Structures are given as structure tokens and as C-alpha cells.
Amino acid sequence: MNRIKKISPLTETTFYILISLLEPLHGYGIMQKVINLSKGRIHLGPGTLYGALGNLVGAGLIIHKESLETNPRRKIYIITGLGKELIKYEIRRLKEMVQNGENLLHEKGAADESGYS
Amino acid sequence: MRVDTVNRRFKTVFKIFFAWQEKKEEKWLREMSKKGWHLDNTSFLNYIFRKGELKDMIYRLDFKIIRNENIDDYITLFEDAGWEYISRLGWWYYFRTEAKKGKGQELYSDNASRIRMYNSLRWFLIIICAPIVYNLPSLYGRIIRTLESGTRDDLLAHTMVINFTVPLAIFLTLVLCLMVYGIISISIVIKRIKSDIRE
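Computed from a predicted model, the values in this text were never measured in an experiment.

### What about the interface of chain B and chain A?
And then number 1: Listed as interface residues are 21 residues of chain B and, on the opposing side, 19 residues of chain A.
And then number 2: If you list the elements that add at least two residues to the side of chain B that touches chain A, you get helix H2 (71-80) and helix H3 (111-149) of chain B.
And then number 3: Top contributing element to the side of chain B that touches chain A by residue count: H2(B), with 7 residues.
And then number 4: The residue inventory of the side of chain B that touches chain A, partitioned by class, reads 9 nonpolar, 4 polar and 8 charged.

Now the structure itself:
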């Protein structure tokens, strides 16, 4: 748990890469999945993705999965148990964040409608 | 070297860009492509261009320290993402893609990873500087001692210092100044990115 707290908070990019890897994917597969999940909002740059994959492997959140059927030039990755724990922790954190934002906006922001649509 | 003098299909251009001027270099390469000269290969201070049709191509340089066995995997990812790999020069990798609207034109899509790249470049320059910083004081010490004692003691040692040690010390000092300038430039870029409130 302490290890997870140290890694959190993840950047938006890293969070999306991590949840994409709940199924085994290679780099380009992750890019496609993140575009779909975010409805085209997040286009991962290859430099960003390559660096993030290295960092995630280093932190033990994902592992490189050996695979015979696919092109050996494309490494396949999959999330680890620790990675899944981190996702759960991040979801709780993000829910709290959203809840706090909504509550406060509802309380204090109600008088000023202009800023919220 | 591949220089086809009859058709002028290739040309080599000598040009200096420092490691902290990669944005300037990218811009220059784009201008060259617009004129129909597309980067074909790079070597130290030399750019080899191939003649082709006039095209607006976006160039991006990535600084990445990776092991040889990972290079294939690295380049494949960039190619999958629509970037053509051209060549490498040291730990700089050259990529290009056609300039099109709505297409990703950056290798780094968030500030956090952009800062990471510049940080590793900055560390690389600092490490290069380390041996210079370590050796300069003793070099200057030797010069001062020799000049103080004059030519009386040892004429050969005096000549050696004047002809060899002094130019070397001047050269290393200039290199160090340049490197420090580079490190400061990169630090300013990092600071500018950090002041952006986006992630």
C-alpha cells in the first residue's frame, strides 16, 4: 500500500496507459485504445508512450509479455497485480476529487451560474 | 559519400546546431523539405539531403539513451504512430511526418514527458562537463606555476606549457562555457514548461 501511495498520483496519460493494459497490447494497440477510450481527446505521442512504458515496467506496474505469434519487433505488455492495485487506489482518489469538486461547486458556486455549464 | 554530381540528387550541407537548439534544427529541416531537399542521413556536423518533390514535412528530434537491443522496438513504435525514422546521431533520433491538420505533430503529448526528455539531456551535458571541471584547476595551476618560475628552471617544460597546456586550457574553458550555456538554456526551457499549469 505504501508503495502504491508513493507512485500516486499518476498523470492522465499514465493512468490511461495503465487501464489499457488490463488486456495484453503492444505500443500501437495502446495508442488506438486510448484514442477510443477518450473519444479522440488524447493522442499519445510515441515519445511519451515509449518513456511511460519504460517507467511503468521499472515500477513493476506492467510487464513485458513473451509472445510467439506476433511480430517480435513489437513488445506486448500486460498489467501486474501491483498495477491493478494502483488503478483501484487512483479510482478512489479521482472519485474523491470529483465528489469534492461537485459538492463545493454546488454549495458555493450556485450563486454564480456563469462559470458552470 | 553519396554525391551524384551529374543529377545532383544528393547534397551534403555542413551546419552546426548545438544539442539545445533542436527546435531550430527541426525548423531548418522543414524549410529544406519545402524546397525539395529531404534529409537522407546525418553524420557529425553534416546533413545529407536527397532531392525530391516539394513537400511540407515536419521533423522531430528525440533524445533517448537506449540499449542497442531496444532500438528496433523503439523505432517500430514511432513508425506505427506515423513517423518515418531517418537516422540517428549519437543519442539523437531523427523522425519526420507529413504536415497535416488534425494529425499529431509532437513526439511528446504531455508536459511531464517533455520535461523528462529535457532532464535527461541536461544530465547528459552535466556528465560531459564533469571531467573538464575536474581537470581544469590542475591545468591552470600548472600554467601559473610555470609562468611564475619563468624560463630559468626548465626551458623544455616552459615551452611545453606555452605551446600545449595553455591552448588546451583555453579550449577546455571555452567548451565548458558553451556547455554551461547549454545547460542554462535547457533549464530555462524546463522552467517554461513547468510554469504551464497543464500536466
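### Some remarks on the packing of helix H2 (residues 12-20) of chain A against helix H4 (residues 46-58) of chain A
The relative placement of two packed helices is expressed as an angle between their axes plus a distance between the axes.
Residues and elements named next belong to chain A.
And then number 1: Running from N to C, H2 and H4 point in directions that differ by 70°, and their axes come no closer than 11 Å. Taken together, the axes of H2 and H4 lie roughly perpendicular to each other. Seen from above, H2 lies across H4 with right-handed handedness. Contacts between H2 and H4 involve Thr13, Thr14, Ile17 and Leu18 on the former and, on the latter, Thr48, Leu49, Ala52 and Leu56.

### Remarks on the packing of H2(A) against helix H3 (residues 27-37) of chain A
Residue and element names in this part refer to chain A.
And then number 1: Close contact between H2 and H3 brings their axes to 9 Å; oriented N to C, the two are set at 110°. Between H2 and H3, the interaxial angle falls into the category roughly perpendicular. Together, Tyr16, Ile17 and Ser20 of H2 and Ile30, Lys33, Val34 and Leu37 of H3 make up the contact between the two elements.

### A look at the environment of Ala81(B)
And then number 1: Following the sequence through the fold, Ala81(B) ends up in the loop between H2 and strand E5 (84-89).
And then number 2: Ala81(B) gets classed as buried once you count the C-beta atoms within 10 Å, which come to 21.
And then number 3: Not counting residues up to four positions away in its chain, the partners in contact with Ala81(B) are Tyr28(A), Met31(A) and Pro46(A).

### Some thoughts on the sheet that holds strand E1 (residues 10-14) of chain B
For sheets, the rule is that strands pair by backbone hydrogen bonds, running either parallel or antiparallel.
Residues and elements named next belong to chain B.
And then number 1: The strand order across the open sheet built from 3 strands is E1-E3-E2, with neighbouring strands paired in antiparallel fashion. Only two strands of the sheet have a single partner each, and these edge strands are E1 and strand E2 (37-43). Going from strand to strand, the sheet's axes swing by 30° on average, the running direction of each strand aside.

### With respect to the environment of His26(A)
Residues and elements named next belong to chain A.
And then number 1: Take His26: it is sitting in strand E1 (residues 25-26).
And then number 2: Each C-alpha atom, one on His26 and one on Glu12, is 19 Å from the other, the two residues being 14 residues apart in sequence.
And then number 3: With near-sequence residues (within four places) excluded, His26 lies in contact with Arg74, Lys75 and Ile76.

### Structural notes on H2(A)
And then number 1: Restricting attention to buried positions, one finds in H2(A) the residues Thr13(A), Thr14(A), Tyr16(A), Ile17(A), Leu18(A) and Ser20(A).
And then number 2: Buried residues in H2(A) make contact with E1, H3, H4, strand E3 (76-79) and helix H5 (81-108) of chain A.

### Quick notes on the sheet that holds strand E4 (residues 57-63) of chain B
All names here are of chain B.
And then number 1: The antiparallel open sheet is built from 3 strands, whose spatial order is E4-E6-E5. Edge positions in the sheet fall to E4 and E5, since each of these pairs with one other strand and no more. For this sheet, the mean angle separating the axes of adjacent strands, direction not counted, is 25°.
And then number 2: By the bridge criterion, 7 bridges tie E4 to strand E6 (residues 92-98) in an arrangement that is antiparallel. Pairing of Met57 across the sheet is with Glu98, part of E6.

### Let's talk about the nonpolar core
Most often, soluble globular proteins have nonpolar side chains that are buried together.
And then number 1: Formed by 43 residues in total, the largest nonpolar core has its most connected members in Ile17(A), Leu18(A), Leu49(A) and Leu56(A).
And then number 2: A per-element tally of this core places H4(A) first, with 5 residues.
And then number 3: Both domains that meet at this core, namely domain 1 (10-98) and domain 2 (111-194) of chain B, each give it at least three residues.
And then number 4: When residues no more than four places from it in sequence are discounted, the contact partners of Leu18(A) are Leu10(A), Leu56(A), Leu61(A), Ile79(A), Gly83(A) and Ile87(A).

### Description of the domain arrangement of chain B
Residues and elements named next belong to chain B.
And then number 1: We note that the domain assignment places domain 1 (10-98) and domain 2 (111-194) within chain B.
And then number 2: Computed over C-alpha atoms, the centres of domain 1 and domain 2 are 29 Å apart.
And then number 3: Contacts between the two partners involve 5 residues from domain 1, matched on the other side by 7 residues from domain 2.
And then number 4: In the side of domain 1 that touches domain 2, the residues fall into 5 nonpolar, no polar and no charged.

### Observations concerning unusual backbone geometry
And then number 1: In the segment running from Ser8(A) into Pro9(A), the intervening peptide bond is cis, with an omega of 0°.
And then number 2: Structurally, Pro9(A) can be placed in the loop between helix H1 (2-7) and H2.
And then number 3: Phi at Lys39(A) takes a positive value of approximately 55°, unusual for a residue other than glycine.
And then number 4: For Lys39(A), a count of 7 C-beta atoms within 10 Å gives the class exposed.
And then number 5: The phi torsion at Leu45(B) lies on the positive side, around 65°, for a residue other than glycine.
And then number 6: Mapped onto the elements, Leu45(B) comes out in the loop between E2 and strand E3 (46-51).

Parameters at a glance
Residues numbered from 1 in each chain as written. Chains lettered and ligands numbered in written order. Predicted model: local features only at pLDDT ≥ 70, side-chain atom pairs only at ≥ 80, totals over all residues. Contact = placed C-beta atoms within 7 Å. Helix = DSSP H or I, 4+ residues; strand = E, 2+ residues; numbered from the N terminus. Nonpolar A, V, L, I, M, F, W, Y, C, P; charged D, E, K, R; others polar. Axes fitted to C-alpha atoms, helices over the stretch in contact; angles between N-to-C directions. Parallel < 35°, antiparallel > 145°, perpendicular 65-115°, else oblique. Left-handed = near helix turned anticlockwise from the far one by under 90°. Buried ≥ 20, exposed ≤ 12 C-beta atoms within 10 Å, placed from the backbone. Pairing = 2+ DSSP bridges. Core = buried A, V, L, I, M, F, W, Y, C linked by C-beta atoms within 7 Å. Domains from an automatic or database assignment.

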